[in-house]
Amino acid sequence: MTTHKRKLRTDGTLWQHVRAPQVPCGALARNTSAEVLIVGAGITGAMIADALAEAGLETIVVDRRKPAHGSTLASTALVAYEIDMPLGLLQKKIGKHDAISAWRRSRLAVGNLQSYFAERGLEAQSRGSLYLAGNDLGMRDLKTEGELRRAAGIETAFLDRAALRSRFDIGHSAALLSPGNLTINPRDITVRLLLRARMLGARIHAPAEIAHLARRRGAWVATTKEGRCIRCKHVVFASGYEFPKFVPLKGHKIRTTWAFATRSQPRKLWPEQCLVWQASSPYLYARTTPDGRVLCGGEDEDSSEAVHRDGMAERKVARLQAKLAKVFPKLNTEAEFAWAASFGESSTGLPTIGEIPGRPHCWAALGYGGNGITCSRIAAEIIRSALTGQADADAGLYAFKR
Ligand SMILES: Cc1cc2nc3c(=O)[nH]c(=O)nc-3n(C[C@H](O)[C@H](O)[C@H](O)COP(=O)(O)OP(=O)(O)OC[C@H]3O[C@@H](n4cnc5c(N)ncnc54)[C@H](O)[C@@H]3O)c2cc1C
């Protein structure tokens, strides 16, 4: 097998219960060829397929599951530019110049996504985000973090207790308020991007599992479990947390996370419906949906074993509900949907995107971290540039050999 295989999520996610269009696709019936093979039809594979098909590259997308049925179906889909690692901490880890470049690129990617979705008629809600003080960053640290972000040209306002109370009706010591983030339905967007890629000529096959990959006479030959071969110039692994077995992943880990969705309660939602997350370990985050639900997640644990995590679900969701109620006492925190899922993290909060060392024309887009969807966009931008012979000034930030 070329990639790891995991139980990526439990059943019962909100998006499983929301209607979405179908992508016409079937198993691969015969050997074929293309310029690019994308392994994975989640939100990352869909954005890359759309970008490459639009650039005129002959593209095939395959997935061992149905399209958008991996981690994407479990995502709470707060599309934020704020990287898991605060700018101040990231500067200490990778240096000031690169940390600022990564934060700016993330900001740019969310701005790009907003217009990208709008141009394609895809639904996304523009939201500010509130980063609440917690046990990782207290009030003073938040103030410093806000100053660093502003010095880097990233708009952020520091709110004290009184400001938080009067504008958002939240009783908390302090927060950073950042404008211009998004919320989406990740399943709907993935499916619609795949449909668009298909319209532009991409072929999509699912279920089709890549079991073997070999270099033969200057090309890659990917073989499915059923023995069908796809001959291609480039392979892009957009395989999420089921990353290729041959990639060197330093500092990445796969953990377990929990999430739930409340019933619809449009009248009880907080003013402006900002994304909310807490500078705490374990953290808490929340967003609203257009039909008036609250989606809330966090409580990450190191174990990624399905049996262990499924047994913890009740306790974890109860803890999330209690924390959410503390921030928003007027909400009904009863869970209508609750789920657990694998969740990938990197030591810097940055994704790994690039050509895999020692494997020419074989790419990986591994968007590990809380803003994985923003990383999907960055991956689509970088891979499209590379495959069409253009340079991306930030590619080195995310490369395997950084
Ligand atoms: C509970 C939860 C909450 C999250 N919340 C957020 C959030 O609020 N904001 C945010 O930005 N990100 C969030 N994330 C992260 C984000 O959801 C992920 O980064 C994103 O969904 C990953 O998409 P993907 O397409 O890379 O992976 P996936 O959706 O998992 O797609 C990869 C696909 O590759 C396929 N595949 C793997 N190996 C093979 C093979 N050998 N052959 C064929 N197919 C293969 C799999 O079947 C899978 O469908 C969250 C994640 C979770 C789990």
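Please refer to the structure placed before this passage.
Each value, and the rule that gives it
Residues numbered from 1 in each chain as written. Predicted model: local features only at pLDDT ≥ 70, side-chain atom pairs only at ≥ 80, totals over all residues. Heavy atoms only, no water. Near = heavy atom within 4 Å. Polar contact = N/O pair within 3.5 Å; in protein donor to acceptor, adjacent residues only side chain to side chain. Areas by Shrake-Rupley, 256 points an atom, 1.4 Å probe, with all protein chains shown as cover. Helix = DSSP H or I, 4+ residues; strand = E, 2+ residues; numbered from the N terminus. Nonpolar A, V, L, I, M, F, W, Y, C, P; charged D, E, K, R; others polar. Axes fitted to C-alpha atoms, helices over the stretch in contact; angles between N-to-C directions. Parallel < 35°, antiparallel > 145°, perpendicular 65-115°, else oblique. Left-handed = near helix turned anticlockwise from the far one by under 90°. Contact = heavy atoms within 4.5 Å. Buried < 20%, exposed > 50% of the residue type's maximum accessible area, 1.4 Å probe, protein only. Pairing = 2+ DSSP bridges.

Taken together, 37 residues lie around the ligand, and T44, D63, R65, T72 and L78 are the ones closest in. For the ligand, a nitrogen atom lies 2.8 Å from a polar atom in the backbone of L78. One of the backbone N or O atoms of G370 is found 3.2 Å from a nitrogen atom in the ligand. Burial of the ligand by the protein chains amounts to 99% of its free accessible area of 1000 Å². Secondary-structure elements contributing two or more residues to the shell around the ligand are α1 (43–54), β15 (335–345) and α8 (372–387). In terms of residues, the shell around the ligand owes the most to one element, β15, which gives three residues. Residue composition of the shell around the ligand, by class: 14 nonpolar, 18 polar and five charged.

This next bit is on the packing of α1 against helix α6 (residues 186–199). Direction vectors running N to C along α1 and α6 enclose 25 degrees, while the axes themselves pass 8 Å from each other. The angle between α1 and α6 places the two elements in the roughly parallel class. Crossing angle aside, the handedness with which α1 passes α6 is left-handed. Residues I43, A46, M47, A49, D50, A53 and E54 of α1 form the contact with α6, whose participating residues are P186, I189, T190, L193, L194, R196 and A197.

The buried count for strand β11 (residues 253–262) comes to nine of 10 residues, which makes it a mostly enclosed element. In the sheet, β11 pairs with β15 via 10 bridges, with the strands oriented antiparallel. Looking across to β15, one finds that F260 is bridged to A338. In terms of strand pairing, β11 meets strand β14 (residues 294–301) through five bridges, oriented antiparallel. Bridging across to β14, A259 finds its partner in G297.

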